[in-house]
Amino acid sequence: MKVFSFVCLILGAWIAPATANAQDLVVGFVDLPALIDKSPQALEAGDRLEKEFAPRQQALQQGRAELDLKKNKLQTESLVMSETERSELELDIRKLERRLKREEQDFREELNIKKNNEFKKVREVVLQAILKFANTGEYDLILSEGVVFAHNRIDITQKIIDIMADLDIEQIESADQ
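Below or above, wherever it landed, is the structure these notes cover.

Definitions and cut-offs
- Residues numbered from 1 in each chain as written.
- Predicted model: local features only at pLDDT ≥ 70, side-chain atom pairs only at ≥ 80, totals over all residues.
- Heavy atoms only, no water.
- Patch = residues over 30% accessible without salt bridge, like charges linked within 9 Å, V, L, I, M, F, W, Y side chains within 5 Å.
- Areas by Shrake-Rupley, 256 points an atom, 1.4 Å probe, with all protein chains shown as cover.
- Salt bridge = Lys/Arg side-chain N within 4 Å of Asp/Glu carboxyl O.
- Lys, Arg positive; Asp, Glu negative; His and termini not counted.
- Charge placed at Lys NZ, Arg CZ, Asp CG, Glu CD.
- Helix = DSSP H or I, 4+ residues; strand = E, 2+ residues; numbered from the N terminus.
- Core = buried A, V, L, I, M, F, W, Y, C linked by side-chain atoms within 4.5 Å.
- Buried < 20%, exposed > 50% of the residue type's maximum accessible area, 1.4 Å probe, protein only.
- Phe/Tyr/Trp six-rings, centres within 6.5 Å; stacked < 30°, edge-to-face > 60°.

1. A word on a positive patch on the surface
A grouping of R94, K95, R98 and R102 is seen on the molecular surface, where their side chains present a positively charged patch. The topology assignment puts R98 in helix 4 (residues 83-137).

2. Focus on the nonpolar core
Counting 19 residues, the largest nonpolar core has V30, L35, V126, I130, I160 and M164 as the members making the most contacts within it. Elements with a minimum of two residues in this core: helix 2 (32-38), helix 4 and helix 5 (157-164). A total of seven residues in this core trace back to one element, the largest contributor, which is helix 4.

3. Side note on the pattern of salt bridges
Tallied over the full model, the rule gives ten salt bridges. Here E110 and R56 are joined by a salt bridge, their closest N and O atoms 2.7 Å apart. Residue E110 is found in helix 4, and its partner R56 is found in helix 3 (residues 40-77); the two are separated by 54 residues along the sequence. Residue classification places R56 among the partly exposed positions, given a relative accessible area of 31%. Residue K71 is joined to E97 by a salt bridge in which the shortest nitrogen-to-oxygen separation is 2.9 Å. Of the two residues, K71 sits in helix 3 while E97 sits in helix 4, which places them 26 residues apart along the sequence. Several salt bridges share partner residues, and in doing so they unite E44, R48 and E118 into one network.

4. Here we look at the packing of aromatic side chains
Across all of its chains, the model carries two aromatic pairs by this definition. Measuring from centroid to centroid gives 5.7 Å for F53 and F107, while their planes differ by 80 degrees, and the two rings are edge-to-face. Here F53, found in helix 3, pairs with F107, found in helix 4; they are 54 residues apart in sequence, far enough to count as distant. Of the two residues, F53 and F107, neither departs from the other in class, the shared state being buried.

Right under this line is the structure:
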């Protein structure tokens, strides 16, 4: 709460002298989560990740289906199985469960790492697009998170998405290096 009050005080002190020239003050609001979700780069990254991880996800689903079949077999046929057959099937089920848990955990970890890397690049493109828009539109202030209300006339989210269609992740990465 103290940080919010401090930010409000700073903004008030900065905006107060501008009230005489309120017409000159150009303010915009950007919905960052919407911007990141709807950007062409984010959609492309999502498609890339989906294609890359689809075979592993399908293999995991097949493994789960195999496990379900074995559990079902144990449940329905355990009374007619010999003790040895039942023990072997139970052991096989436990091994398959452990293997699937390991594979699912590895899958989730690798997917999260890739997702974080991809969306780090998207966030960089978002910031570049916002800066480009702010400079070409001669904005004095662009706000994002922590805004309680922003009128549609100052919401520039869609305009930033339009600019992002022209930005390439590779160009921004090469400029950073």
